[in-house]
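# Remarks on the overall topology
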Amino acid sequence: MLNYYRAMTVTTLPTGPKSTVRSADFRLLAFGQGLSWLGDAFQPIALAVAIIGVGGSVGELGTVMTVGVIGRLVCTLLGGVWADRLPPQRIMILADLVRAAAVSGIAVMFSTGHRSLPLLCILVAVVAGAGAFFYPAMSSLKPIVVSPQGRQSANATLSLLQTSSTVVGPATAGLVVAFAGAPMGFAINAATF
């Protein structure tokens, strides 16, 4: 999150075709976002293990996942509208704070042995809804941080980070959750925001 704030204080755009990779602001943004994508991969693995591990059913897991999708769908249009009206860095920071708090709540809920399907559904919907605000703001921020000449390179870098996270993240999450438990998976996800 601090990486995002640092990236938002740009007063001048980088210049030159290779400036995207060399821009300290973009590197901080890419590092922070890559770390966040890696942490996001922990959420579904930890969620599945946590629900099934406490005696929940596949139907409960499906319900929680469906609520997350609905939360994201409901907030997607609002997130896009607000990304056009407010500074993107504020939306991103607020969305990450909300997501970190909600995921931390899920970690606490499962680490204390408290099992509440309605509370879990609410927290998952909040995480998904805040994500729907974050990603349009991220798209609005890239033109501020990256020069027009470097946008193709920046998009390629972010795409590589996102794709790598979808491969490495679940494998890492599986190992961590298997050895340290689902609450640790949620805690890692919360820390990466």
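Anyway, here's the lowdown on the structure attached to this text. In every chain, residue numbers begin from 1 and rise along the written sequence. At least 70 in pLDDT is required for a residue's local features to be given in this predicted model, at least 80 for side-chain atom pairs to be given and counted, and no such filter applies to totals for whole chains, interfaces and linings, which use all residues. Excluded from the side-chain calculations are hydrogens and water; all other atoms, namely the structure's heavy atoms, are used.

### Quick notes on the packing of aromatic side chains
A ring pair, where both rings are aromatic, is described by two values, the distance of the centres and the angle of the planes. Cut-off, in case you're wondering: Any Phe, Tyr or Trp ring, taking Trp's six-membered ring, that has another such ring centre within 6.5 Å forms a pair; planes under 30 degrees apart are called stacked, those over 60 apart edge-to-face, and the others tilted. Each helix corresponds to a stretch of at least 4 residues labelled H or I by DSSP, and each strand to a stretch of at least 2 residues labelled E; elements are numbered beginning at the N terminus. A simple rule labels every residue: compare its accessible area, found with a 1.4 Å probe on the protein chains alone, to the largest value its type can have, and call it buried under 20%, exposed over 50%, or partly exposed in between.
Under the counting rule described, the total for this entry stands at two aromatic pairs. Here the aromatic rings of F110 and F186 are separated by 5.8 Å at their centres, their planes lie at 15°, and the arrangement is stacked. Residue F110 is found in helix 6 (residues 88–111), and its partner F186 is found in helix 9 (residues 182–191); the two are separated by 76 residues along the sequence. This pair shows no difference in class: F110 is buried, exactly as F186 is. Taken together, a centroid distance of 5.1 Å and an interplanar angle of 85° make the contact between F134 and Y135 edge-to-face.

### As for the packing of helix 6 against helix 9
Put simply, the test is: Axis definition: a line fitted to C-alpha atoms, limited for helices to the stretch in contact. Angles are taken between N-to-C directions and run from 0 to 180 degrees. Roughly parallel means an angle under 35 degrees; roughly antiparallel, over 145; roughly perpendicular, 65 to 115; everything else is oblique. Two helices that cross are described as forming a left-handed crossing if the nearer one is turned anticlockwise from the farther one by less than a right angle, and a right-handed crossing if clockwise. Note on contacts: a residue pair is in contact if any heavy atoms of the two residues lie within 4.5 Å. Under this grouping Gly is polar, as are all residues other than the nonpolar Ala, Val, Leu, Ile, Met, Phe, Trp, Tyr, Cys and Pro and the charged Asp, Glu, Lys and Arg.
Between helix 6 and helix 9, the shortest axis-to-axis distance is 8 Å and the interhelical angle comes to 165°. One way to sum up the angle between helix 6 and helix 9 is to call them roughly antiparallel. Note on packing geometry: the crossing formed by helix 6 with helix 9 is left-handed. Across the interface between the two elements, A100, V103, S104, I106, A107, F110 and S111 from helix 6 touch P183, F186, A187, N189 and A190 from helix 9. Of the residues that constitute the contact of helix 6 with helix 9, the class distribution is nine nonpolar, three polar and no charged.

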